[in-house]
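# Structural description and commentary
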Amino acid sequence: MCGIFAYLNYNVSRERRYILEVLFNGLRRLEYRGYDSSGIALDADLPSCASPAAAPVYAGAPPLVFRQEGKIECLVRSVYSEVDEKDVNLDTAFNVHAAIAHTRWATHGVPAPRNSHPQSSGPGDEFLVVHNGIITNYEVLKETLIRHGFTFESDTDTEVIPKLAKFVFDKLHDEEGDVTFSQVVMEVMRQLEGAYALIFKSPHYPNELVACKQGSILILGVNELSGQNSGKLFHDVKALTANGKPKELFFSSDLCAIVEHTKNYLVIEDNEIVHIKDGSVSILKFDHDKEKPASVQRALSVLEMEVEQIKKGSYDHFMQKEIHEQPHSLTTTMRGRLKDSGVLLGGLKEYLKTIRRSRRVVFIGCGTSYNAALAARPFVEELTGIPVAMEVASDLLDRQGPIYREDTAVFVSQSGETADTLFALDYALENGALCVGITNTVGSTLSRRTHCGVHINAGCEIGVASTKAYTSQIVAMAMLALAVGSDQISTQARRQVIISGLSSLPSKASEVLKLDAEMKELASSLIDSESLLVFGRGYNYATALEGALKVKEVALMHSEGMLAGEMKHGPLALVDENLPIIVIATRDACFSKQQSVIQQLLSRKGRLIVMCSEGDASAVCPSGSCRVIKVPEVADCLQPVINIIPLQLLAYHLTVLRGFDVDQPRNLAKSVTTQ
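Residues numbered from 1 in each chain as written. Predicted model: local features only at pLDDT ≥ 70, side-chain atom pairs only at ≥ 80, totals over all residues. Heavy atoms only, no water.

## A closer look at the overall build of the chain
If you tally the helices and strands in the chain, you get 19 helices and 27 strands. In terms of overall size, the chain behaves like a compact globule, its C-alpha atoms giving a radius of gyration of 27 Å where 675 residues would be expected to give roughly 26 Å. Projected onto the principal axes, the alpha-carbon positions of the chain cover approximately 90 × 55 × 50 Å. When burial is assessed residue by residue, the chain has 60% of its 675 residues classed as buried. Relative to all contacts within the chain whose residues are 6 or more apart in sequence, the contacts with residues 24 or more apart total 75%. Of the roughly 25,800 Å² of accessible surface on the chain, 48% is carried by carbon and sulfur atoms. (Helix = DSSP H or I, 4+ residues; strand = E, 2+ residues; numbered from the N terminus. Rg over C-alpha atoms; globule rule 2.2 N^0.38 Å. Buried < 20%, exposed > 50% of the residue type's maximum accessible area, 1.4 Å probe, protein only. Contact = heavy atoms within 4.5 Å. Areas by Shrake-Rupley, 256 points an atom, 1.4 Å probe, with all protein chains shown as cover.)

## A look at the side chain of Asn440
Mapped onto the secondary structure, Asn440 falls in the loop between β21 (434-439) and α12 (445-449). For Asn440, the side chain forms a polar contact with the side chain of Gln414, separated by 3.0 Å. Looking at Asn440, its side chain comes within polar contact range of the main-chain nitrogen of Ala458, at 2.9 Å. Not counting residues up to four positions away in its chain, the partners in contact with Asn440 are Ser413, Gln414, Ile456, Asn457, Ala458 and Gly459. (Polar contact = N/O pair within 3.5 Å; in protein donor to acceptor, adjacent residues only side chain to side chain.)

## Thoughts on the environment of Val656
You can see Val656 is positioned in helix α19 (residues 639-658). For the pair formed by Val656 and Ala523, sequence separation is 133 residues and the distance between their alpha carbons is 9.5 Å. Beyond its immediate sequence surroundings of up to four residues, Val656 is in contact with His317 and Val662.

## A short note on unusual backbone geometry
Between His117 and the following residue, Pro118, the backbone shows a cis peptide bond with an omega angle of 5°. Take Pro118: it is sitting in the loop between β4 (93-104) and β5 (119-120). Even without glycine at this site, Asp87 takes up a positive phi of about 55°. Structurally, Asp87 is set in the loop between α2 (72-86) and β4.

## A word on helix α15 (residues 516-526)
Considered for burial, the residues of α15 that qualify are Asp516, Met519, Leu522, Ala523 and Leu526. One side of α15 carries all its buried residues, which in axial view fall inside an arc of 120°. The inward-facing, buried residues of α15 abut α6 (318-324), β25 (580-585), β26 (607-613), β27 (627-631) and α19. (Arc of directions from axis to C-beta.)

## Remarks on the sheet that holds strand β9 (residues 219-224)
Strand order across the open sheet formed by 8 strands is β3-β2-β4-β1-β10-β9-β11-β15, with antiparallel pairing between neighbours. Both edges of this open sheet fall to β3 (63-69) and β15 (301-302), since each of them pairs with a single strand only. Taken together, the 7 bridges between strand β2 (residues 37-43) and β3 define a ladder with antiparallel strand orientation. Note that in β3 the partner of Ile40 across the bridge is Phe66. Where α2 meets the sheet, it contacts β2, β3 and β4, and its direction lies at approximately 140° from that of β3. (Pairing = 2+ DSSP bridges. Axes fitted to C-alpha atoms, helices over the stretch in contact; angles between N-to-C directions.)

## Let's talk about the state of the cysteines
Applying the stated criterion to the full structure yields 1 disulfide. Two residues share a disulfide in this structure: Cys621 and Cys626, whose sulfurs sit 2.2 Å from each other. Using a relative accessible area of 5% as the deciding quantity, one classes Cys621 as buried. Given the relative accessible area of 11%, Cys626 is considered buried. The thiol of Cys612 is not disulfide-bonded; the next cysteine sulfur, from Cys626, is found 8.6 Å away. For Cys612, a relative accessible area of 0% puts it in the buried group. (Disulfide = S-S within 2.5 Å.)

## Here's the deal with the pattern of salt bridges
For the structure on display, the rule yields 30 salt bridges. A salt bridge links Lys163 to Glu159, with the shortest nitrogen-to-oxygen separation between them at 2.7 Å. Like Glu159, Lys163 is buried. Between Arg449 and Asp426 there is a salt bridge, and its shortest N-O distance comes to 2.1 Å. Placement of the pair is Arg449 in helix α12 and Asp426 in helix α11 (residues 419-430), with a sequence separation of 23 residues. (Salt bridge = Lys/Arg side-chain N within 4 Å of Asp/Glu carboxyl O.)

## Brief notes about the sheet that holds β5
With respect to topology, 7 strands assemble into an open sheet ordered β5-β6-β7-β8-β12-β13-β14, the strand pairing being antiparallel. In this open sheet, the two strands that pair with only one neighbour each are β5 and β14 (294-295). The pairing of strand β8 (residues 209-214) with strand β12 (residues 272-277) spans 4 bridges and is classified as antiparallel. Its bridge partner being in β12, Ala211 is matched across the sheet by Val274. Relative to the sheet, helix α4 (residues 160-176) contacts β5, β6 (128-135) and β7 (194-201), its axis offset from that of β6 by approximately 125°.

## Concerning the nonpolar core
Counting residues in hydrophobic clusters, the biggest one holds 89 residues, and the most contacted among them are Leu348, Phe363, Ile438, Leu502, Leu505 and Leu638. The element that contributes the greatest number of residues to this core is helix α13 (residues 468-484), accounting for 13 residues. Leaving out residues up to four positions away in the same chain, Leu505 has contacts with Leu330, Val475, Val634, Leu638, Val641 and Ile642. By size, the runner-up hydrophobic cluster in this structure holds 41 residues, among which are Ala44, Ala99, Leu303 and Ile310. (Core = buried A, V, L, I, M, F, W, Y, C linked by side-chain atoms within 4.5 Å.)

## Considering the packing of helix α9 (residues 367-384) against α13
One way to put it is that α9 packs onto α13 with a least axis distance of 9 Å and a crossing angle of 25°. Looking at the two axes, α9 sits roughly parallel to α13. For the element pair α9 and α13, the recorded crossing hand is right-handed. Between α9 and α13, the contacting residues are Thr368, Ser369, Asn371, Ala372, Ala373, Ala375, Ala376, Phe379, Val380, Leu383 and Thr384 on the first element and Tyr470, Gln473, Ile474, Met477, Ala478, Ala481, Leu482 and Val484 on the second. Residue classes in the contact of α9 with α13 are distributed as 14 nonpolar, 5 polar and no charged. (Parallel < 35°, antiparallel > 145°, perpendicular 65-115°, else oblique. Left-handed = near helix turned anticlockwise from the far one by under 90°. Nonpolar A, V, L, I, M, F, W, Y, C, P; charged D, E, K, R; others polar.)

## Some details on α13
Over its 17 residues, α13 extends 24 Å from the first C-alpha to the last, a length consistent with the 24 Å expected when each residue adds 1.5 Å. Burial analysis of α13 places 17 of its 17 residues in the buried class, the great majority of the element. (Expected span 1.5 Å × (residues − 1).)

## Focus on the side chain of Gln320
Mapped onto the elements, Gln320 comes out in helix α6. In this structure the side chain of Gln320 is engaged in a polar contact, spanning 3.3 Å, whose partner is the side chain of Tyr652.

## Section: the confidence of the model for the chain
On average, residues of the chain carry a pLDDT of 90, and 95% of them reach 70 or more. Ignoring residues within four places in sequence, the model shows residues 228-233, a span with pLDDT below 50, making 8 contacts including any to other chains. (pLDDT = per-residue confidence, 0-100.)

## Brief notes about the packing of aromatic side chains
Within the structure shown, the criterion is met by 8 aromatic pairs. Ring geometry for Phe181 against Tyr205: centres 4.6 Å apart, planes inclined by 10°, an arrangement best described as stacked. Of the two residues, Phe181 is situated in helix α5 (residues 181-191) and Tyr205 in the loop between β7 and β8; the sequence distance between them amounts to 24 residues. With relative accessibility at 0%, the residue Phe181 sits in the buried group. Its guanidinium or amino end placed over the ring of Phe152, Lys163 lies 5.3 Å from that ring's centre, counting from NZ or CZ. (Phe/Tyr/Trp six-rings, centres within 6.5 Å; stacked < 30°, edge-to-face > 60°. Lys NZ or Arg CZ within 6 Å of the ring centre and 35° of its normal.)

Structure representation (structure tokens):
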């Protein structure tokens, strides 16, 4: 949801103009996460004091803070306008400089400059903070700080943090004299409850940054600029300490924002405090029960992502690009995993026997990831013989539903940072279940905290509405089912059919993408419709839910996915000649039942659009009275991977024709990191 970005250059000259552009580009890379306002903070010039009375209360340069509601380009225009008004010299060069930036998705307080980040400690901006997450005890902290004379200007939960930092700093400074930046942050952490990723900047500690986290993701990126160390990866981030060599250091909520600068990164763990000072990185482990934190050794990882993955290329929108990337993403999901008529999943190898002995498999997810798990449920039950339960993560937590030690809980999340899913993971771990992660993000919280799992390897997904990750999730779970059920002789023939079907999926996806123009023409006929119903059953009930969700998310049209077997139990009352209805009737065990549904809808003058397998148009619509979408046929349990693609294209074209933002739909965020 909120996006955090910070940039610190050390022993390398950077002009203020360059620093601004690094911040702006970092925020642009985080746009897809969803936001309604943004802000940055960097250093002004050191004041020339005519008298001691005019001297600032701190040693460093005063911060320049800019905050603006709306898109990042609004912030960019505002910054350059204010810079001109204040006569700030953009050509001033800094050999060392620390700057922070933020995109905000409103939770406490309406979108407005005063509620945007960085949030300040008050006059003089002695402490500035950017924050992702929610502070649950902010009201108590706010009341305490007000009693100590602090005045609040925003409606946010975040504002208590910089004010608390100033309170702690003043108190420690009076008691102990010198106090380090990390000490201040540690004492602030003692008072905070909730989920957060924080970056602190202060003119009391010029050219230093401190980051910490609890629950929300935060990444450190390191770019060594020294020629002799070019390409060298430090096995321990402490190797950076006091080497004095030119470098650039980054903090970010997302790897997408640092990939164009460096591939050397570190995922910060919960309760870690990362302090950058004099170009060196020190990592401390905070413990509520201990007065002093322990020093931590951490290794840097190498990012396997190319800059091209986060660019649109020849496409108009990221969603369009990601829909058309599915032949490739499906290939990468299966690469190296389909071998010798079998499936090899290295991340599950040591746990297959435990999964086979499970009392049940519980799929847990939210939104599109839940739908992907629902699509996988039938073939997981079929191939493994293990009962499968479905849980929406938030509902499982609300009910405190039963999770047993004998269960295998499978958590599905594209980002691996979905707050509800992670809280459900904590709940399952507390109850002793084996926890399996299905995620697209290497190094995510989900991938680190589950016992085992599968990376879907779909590539970076920027569009808020998930497309290629959905189809890759289904394929990953199909391979999971094949691996777990590989010891069953009775399903051997069926397994071979599915493995053969998996191998053909990329070519079938390429084939169905040829329907693009047809879906655009269909979208133009639906542009004035107020609602859309999508009926599916069996393997394609999840397809109906996901297709309707896509239309709802991006085209902002009311749409509902429904179980076709429930049609006569209420939804049939909605049918008339004006309401468009999509019926998914591809070849599987439910085909004849869907034929019956079509006839009942036609008899009530329903405005039908039928999706069927190639060659079945006359079987599903003998009178030619309904529109037909013909898709290539694959193994029935894999058909949802193909069937969803025309619905993704339909949602995309509907959105463009209706004039809405495709990649950043209203009120939505890519990575939902708050409950």
